Number of protein chains: 2
Amino acid sequence: MPITMTENELTLAVIQTLKEGRRKAFQELMEELQPYDMAWQYKEIPEKHRYKFLAYMTIEELTDLMGELDQDDQLDVLDRLGAKRSTKVLDLMENDELASFLTDLEPEKMKELLGDMKREESQMVQDIMNYPPETAGRLMNNRFVWIKKHYTIGEAVDKLKEFAELAEYLNYLYVIDEERKLVGVVSYRDLLLAEADEKIEDVMYGRVVKVEVTEDQEEAAKLISRYDFVSLPVVKEDNTLAGVITVDDIIDVVIQEANEDIERLSASGKDIDFSTKPLVAAYRRLPWLIILLFVGLVSGGIISGFEGTLDAVVALAFFMPMIAGMTGNTGTQSLAVVVRGLVQEDLTFKQTARLILREFWVGILIGITCGILITFVAFFWQGDLQLGLVVGSSLLLTLIIGTLAGTIIPLILYKLNVDPAIASGPLITTINDILSLLIYFGIATTFLINLS
Amino acid sequence: MPITMTENELTLAVIQTLKEGRRKAFQELMEELQPYDMAWQYKEIPEKHRYKFLAYMTIEELTDLMGELDQDDQLDVLDRLGAKRSTKVLDLMENDELASFLTDLEPEKMKELLGDMKREESQMVQDIMNYPPETAGRLMNNRFVWIKKHYTIGEAVDKLKEFAELAEYLNYLYVIDEERKLVGVVSYRDLLLAEADEKIEDVMYGRVVKVEVTEDQEEAAKLISRYDFVSLPVVKEDNTLAGVITVDDIIDVVIQEANEDIERLSASGKDIDFSTKPLVAAYRRLPWLIILLFVGLVSGGIISGFEGTLDAVVALAFFMPMIAGMTGNTGTQSLAVVVRGLVQEDLTFKQTARLILREFWVGILIGITCGILITFVAFFWQGDLQLGLVVGSSLLLTLIIGTLAGTIIPLILYKLNVDPAIASGPLITTINDILSLLIYFGIATTFLINLS
């Protein structure tokens with residue numbers, strides 16, 4: 001009764017059947033499990049049982065299992081399976097999963113694995129791996145059903161039944177002409193509602209939403225989230241159908257792209273998760289920190305340039321962290337709005353201009369509010385109205401400039417197609433630090449030193 | 001031939017048919033369009049043509065159109081449609097879309113709209129709206145097909161055909177018993193491959209992955225991305241089937257949650273996008289900035305407490321922004337790793353301890369590296385080894401503490417189920433600012449002033 005078992009009870013039952021060598025009971029347990037849960041059980045049982053666990057599984061189940069493991073575990077499974085069963089599993093794996101498994105493998109190991117596979121399958125995988133990472137081509141698979149436009153509804157349904165085992169989602173059939181060019185799409189719902197002898201051409205949609213193989217994966221994600229499809233056809237330059245991208249891969253893309261945005265905003269270093277080793281995590285985080293250390297020294301250099309001013313009015317130092325911090329914060333706020341906005345929308349020139357103008361107004365509004373506030377605070381704290389006015393007017397100016405810097409810098413990088421990792425949060429913060437110190441000490445020197 | 005038209009050509013064609021009053025030609029154009037594209041055209045044409053645009057559309061098309069508009073435009077469309085057609089459209093809208101349309105509407109307007117609707121539909125929407133925002137219950141819809149467990153495959157296929165028009169995705173049928181309790185799931189693929197006279201009970205999966213109505217939407221997103229489903233059943237406390245969540249809504253959830261994480265990390269204020277008005281954007285961003293202004297003054301207070309030290313060694317001020325900035329940066333890095341990690345994984349106590357230990361090691365490693373580096377820089381810049389050692393050892397200590405603060409504070413908030421918006425990036429940065437200044441001036445006072 002695996003239905004009502006908890007995961008731990010299941011683990012015990014799995015180990016029990018393996019120990020007692022009851023292959024059929026093991027099979028019955030597996031039949032009720034989703035791939036993710038199979039992988040969970042496989043990783044949970046003691047290592048000594050793993051050979052038998054794999055030996056008792058069908059090729060289909062092994063393929064499902066592989067799809068849920070990371071590269072080290074995948075290699076380990078193939079090792080335990082031996083050459084013959086390995087090859088069968090590889091042949092059956094989805095090409096996109098296979099491609100991501102093979103990526104970064106040693107060339108010799110890759111050749112060995114590909115060499116044993118069916119020609120057709122290994123060719124398809126190699127084709128996918130030829131596309132650059134993070135493109136639509138790299139994400140597509142060939143587990144879909146295509147039909148010719150002259151088919152009848154009845155013929156299409158028959159073909160669907162024949163390939164049901166293979167197709168990942170059955171929601172749409174893609175329609176091609178004699179040259180394999182994509183000419184239409186039929187939803188399964190349409191098939192159910194049409195008569196068996198109608199022609200596919202007459203019920204299909206001709207205006208197919210599609211991506212080209214070389215387009216960015218973000219473009220595919222935008223289309224799927226916009227149109228609520230569960231799969232999206234991928235075509236080559238000549239409009240021949242090359243594969244499909246499915247919604248489950250798109251969810252992974254959306255998560256990955258969000259993580260990249262956050263890495264960028266926080267300069268937190270690539271690919272650090274809960275299981276990354278300390279040395280690796282430190283190594284990935286250090287480059288940014290070292291750059292920022294030297295940039296931070298620039299701020300120090302500016303302060304040292306104003307040593308005379310600071311010596312004369314030590315109280316200026318009290319407001320320094322607040323001014324630098326506020327300018328950094330408002331810049332990060334603007335940066336976040338721009339970075340996330342670009343995920344969902346493309347910007348025309350007119351919209352860009354409007355956005356910059358909007359942020360300019362925002363800078364003025366928050367600058368005036370915070371500037372007036374700090375003038376009073378500084379006056380009551382230090383009992384010096386002149387100092388209060390210097391701090392207040394500096395904050396007004398730095399907030400406007402900080403807001404604009406946080407908006408314009410990422411937009412320029414985006415338009416220039418420069419790797420936007422450069423526009424990371426701490427860098428904006430640091431630039432704003434420097435600008436704010438220059439403005440603050442500049443104003444202070446003019447009004448407190450030169451004019452007093 | 002709408003197939004080969006660009007979007008602008010389409011707009012011209014749409015306007016043309018409206019001007020000339022050719023309803024049939026207009027209908028033919030619409031038939032080829034996806035809901036998103038219909039909405040695009042609707043917003044693109046001049047306002048004077050909108051009445052006719054809506055008048056020429058079928059109720060089904062109007063329903064699709066409504067699903068793609070924001071609240072203001074939705075209200076405008078209903079106004080133009082008049083009471084009778086409006087009600088038909090509302091009856092046909094998906095409940096989850098309807099619920100999010102009705103949210104935040106004036107109570108009177110809501111009552112008026114709900115009052116005209118079919119009892120059954122308005123009841124379902126009100127049920128959904130009773131669940132708190134961001135729960136599974138709020139996200140579910142009733143566009144799915146359920147079958148009883150004693151059905152045969154043949155009966156199930158018939159029911160599926162009957163409801164094909166209504167169901168959003170046809171990939172799974174949910175199986176219930178006499179008391180409407182969820183007992184199984186059958187994929188459409190299984191139906192295709194089974195014999196017509198087999199019983200549903202015998203082919204269904206009994207181990208159904210599901211969520212409860214009151215669970216967080218993030219939990220639903222985790223399950224869908226883990227299991228690659230296109231829909232997920234939602235049950236009430238007693239396991240009766242209440243609705244389904246579909247993958248298109250989950251993509252929106254993933255994007256929304258990522259945006260919330262970024263709002264949190266950058267304290268950028270809720271719901272600011274490219275079209276937000278300046279006054280609104282400034283209003284949403286100000287609260288955080290004002291809080292941070294006062295927290296920033298705390299840093300100022302600390303510096304003023306060490307006025308004597310600063311007066312004696314003005315060079316200490318040169319390294320202040322670097323130390324505070326670096327501590328803030330490393331804290332933000334840790335925070336980002338924790339916040340994003342929690343999206344994909346739940347943490348056990350053991351994992352939490354391991355994560356904190358890992359970050360402790362990371363803090364030590366980057367602390368030693370940056371500490372040694374800055375000792376040399378400070379020595380060569382200021383020609384003072386003692387100053388170099390003070391700056392270097394301070395940086396070592398503040399980087400370790402900053403890393404731990406960025407890890408532990410969000411984890412505590414997460415465990416306490418406190419709204420993690422409190423653990424926003426700038427707040428961590430500010431706390432780290434304060435800690436780093438205390439450590440820096442503390443060490444400096446001890447070694448440069450008291451011991452000299």
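Residues numbered from 1 in each chain as written. Chains lettered and ligands numbered in written order. Predicted model: local features only at pLDDT ≥ 70, side-chain atom pairs only at ≥ 80, totals over all residues. Heavy atoms only, no water.

**Q** Account for the UniProt feature "transmembrane region" (unreviewed entry) in chain A, with residues named and values stated.
**A** Residues and elements named next belong to chain A. UniProt marks residues 286–306, 312–339, 360–381, 387–413 and 434–451 with the feature "transmembrane region" (unreviewed entry), using the numbering shown here. Strand forms 0% of residues 286–306 and helix 95%; the C-alpha atoms that close the span are 31 Å apart. The span residues 360–381 carries 100% helix and 0% strand; its end-to-end C-alpha distance comes to 31 Å. (UniProt positions renumbered as here; feature names shortened; annotations may be inferred. Helix = DSSP H or I, 4+ residues; strand = E, 2+ residues; numbered from the N terminus.)

**Q** So what's going on with the sheet that holds strand 3 (residues 182–187) of chain B? Which residues, and what values?
**A** Hydrogen bonds between backbone atoms are what pair the strands of a sheet, whose relative direction is either parallel or antiparallel. All names here are of chain B. Read across the sheet, three strands follow the order 1-2-3 without closing on themselves; strand pairing throughout is mixed. Each edge of the open sheet carries a strand with a single partner, namely strand 1 (146–148) and strand 3. Neighbour to neighbour, the strand axes of the sheet diverge by 35° on average, direction disregarded. When strand 1 meets strand 2 (residues 172–176), the two strands line up parallel, connected through three bridges. From the neighbouring strand, isoleucine 147 faces strand 2, where its bridge partner is valine 175. (Pairing = 2+ DSSP bridges. Axes fitted to C-alpha atoms, helices over the stretch in contact; angles between N-to-C directions.)

**Q** Which residues make up the relation of the copies chain A and chain B, and what are the values?
**A** It takes a turn of 180° to lay chain A on chain B, together with a shift of 0.1 Å along the axis; the resulting RMSD is 0.2 Å. Both chain copies can therefore be described as sitting about a two-fold axis. Interface overlap between copies: 100% of the residues of chain A at the interface are likewise at the interface in chain B, consistent with a symmetric, same-surface contact. (Least-squares fit on C-alpha atoms with pLDDT ≥ 70 in both. Contact = heavy atoms within 4.5 Å.)

**Q** So what's going on with the environment of aspartate 70 of chain A? Residues and values would help.
**A** Residue and element names in this part refer to chain A. By the secondary structure assignment, aspartate 70 is in the loop between helix 5 (59–67) and helix 6 (71–81). Under the relative-accessibility criterion, aspartate 70 is labelled partly exposed at 47%. The sequence separation of aspartate 70 and phenylalanine 101 amounts to 31 residues, and the corresponding C-alpha distance is 8.0 Å. (Buried < 20%, exposed > 50% of the residue type's maximum accessible area, 1.4 Å probe, protein only.)

**Q** So what's going on with the domain arrangement of chain A? Residues and values would help.
**A** Annotation of chain A at the domain level lists domain 1 (2–134), domain 2 (146–255) and domain 3 (278–450). The C-alpha centroid of domain 3 of chain A is placed 52 Å from the C-alpha centroid of domain 1 of chain A. (Domains from an automatic or database assignment.)

**Q** Help me get a handle on the nonpolar core, residues and values and all.
**A** Formed by 152 residues in total, the largest nonpolar core has its most connected members in Phe53 and Leu102 of chain A together with Phe53 and Leu102 of chain B. Apart from the residues within four sequence positions on either side, phenylalanine 53 of chain B is in contact with Val14, Leu18, Phe26, Met30, Met38, Gln41, Tyr42 and Ile45 of chain B. Judged by nonpolar contacts, the second largest core, of 86 residues, contains Ile303 and Ala317 of chain A together with Leu289 and Ile434 of chain B. (Core = buried A, V, L, I, M, F, W, Y, C linked by side-chain atoms within 4.5 Å.)

**Q** Describe in detail the interface of chain A and chain B, supporting the description with residues and values.
**A** Interface size is commonly expressed as the accessible surface area that is lost when the partners come together. Of the residues lining the interface, 118 residues belong to chain A; the matching set on chain B comes to 118 residues. Together chain A and chain B conceal approximately 10,300 Å² of surface at their shared face, both sides included; 69% is due to carbon and sulfur atoms. Where chain A touches chain B, the interface holds two salt bridges. Here glutamate 359 of chain B ties to arginine 285 of chain A by a salt bridge, and the two come within 2.9 Å at their closest N and O atoms. (Buried area = accessible area lost by both parts, 1.4 Å probe. Salt bridge = Lys/Arg side-chain N within 4 Å of Asp/Glu carboxyl O.)

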